[in-house]
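Descriptive structure summary
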Amino acid sequence: MTYPAISKMVAAGLVRSESTSSKLKTRLLTLTADGETRMNDWICDPERAASVGLDPFRLRAGMWDAIAPATRRRAFEALCQRIESEIEALAARLADLDTVETQRIELAIVLQRSRLSWLDQRLKEK
């Protein structure tokens, strides 16, 4: 096992690890019944799912008013360009993804669009 988290899950009886016939010494990982129950509990936990977590954009947002208006404007304009580029890159990946990753990327695009909207509004105010 190379990944500590997987090793811990195997030790806890949440994941079963089996050798494969691959020359790369890969392992087949499957959830145990307990692992599936715990995963379902995690997926459906509204408190964790609704948490906003650590977000570098929001962390900086309260500090942007503390910098000079011209510096803030340049920062916001650069952020808008970067976010637009990221939206394009994310959208380009959508066609090649499975259902789980598609949902994750679609939500990331929504988040980035909301950031753009917030930045646009702030640029109009200042």
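So, a few notes on the structure that sits alongside this text.

The rules we used
- Residues numbered from 1 in each chain as written.
- Predicted model: local features only at pLDDT ≥ 70, side-chain atom pairs only at ≥ 80, totals over all residues.
- Heavy atoms only, no water.
- Patch = residues over 30% accessible without salt bridge, like charges linked within 9 Å, V, L, I, M, F, W, Y side chains within 5 Å.
- Areas by Shrake-Rupley, 256 points an atom, 1.4 Å probe, with all protein chains shown as cover.
- Salt bridge = Lys/Arg side-chain N within 4 Å of Asp/Glu carboxyl O.
- Helix = DSSP H or I, 4+ residues; strand = E, 2+ residues; numbered from the N terminus.
- Buried < 20%, exposed > 50% of the residue type's maximum accessible area, 1.4 Å probe, protein only.
- Phe/Tyr/Trp six-rings, centres within 6.5 Å; stacked < 30°, edge-to-face > 60°.
- Polar contact = N/O pair within 3.5 Å; in protein donor to acceptor, adjacent residues only side chain to side chain.
- Contact = heavy atoms within 4.5 Å.

A cluster of nonpolar side chains, contributed by L31, M39, W42 and I43, occupies part of the molecular surface with about 390 Å² of accessible area. Per-element tally for the nonpolar patch: the top contributor is helix α2 (residues 33–44), with three residues. Assignment of secondary structure puts L31 in strand β2 (residues 27–31). Since its relative accessible area comes to 37%, L31 is described here as partly exposed.

One non-glycine residue, K25, adopts positive backbone phi at about 55 degrees. Mapping K25 onto the fold places it in the loop between β1 (15–19) and β2. On the accessibility criterion, K25 (72% relative accessible area) is exposed.

Turning our eyes to something else, we now look at the packing of aromatic side chains. All told, the structure shown has five aromatic pairs when counted by the stated rule. Geometrically, the ring pair formed by F57 and W64 is edge-to-face, given 5.2 Å between the ring centres and 75 degrees between the ring planes. Per residue, the accessibility class of F57 equals that of W64, and both read buried. Taking 6.0 Å as the distance between ring centres and 65 degrees as the angle between the ring planes, the aromatic pair formed by F76 and W118 counts as edge-to-face. Linking F76 in helix α5 (residues 69–93) with W118 in helix α6 (residues 99–125), this pair joins segments that are 42 residues apart in sequence. Given the relative accessible area of 1%, F76 is considered buried. Overall, W118 belongs to the partly exposed group, its relative accessible area being 31%. In this structure an aromatic cluster arises from ring pairing among F57, W64, F76 and W118.

Attention now moves to the side chain of T32. You can see T32 is positioned in the loop between β2 and α2. Judged by its relative accessible area of 13%, T32 falls in the buried class. A distance of 3.0 Å separates a polar atom in the side chain of T32 from the backbone nitrogen of G35. In this structure T32 touches G13, L14, V15 and R16, once residues within four positions along its chain are discounted.

Purely geometric stuff here, so don't read any function into it on its own.
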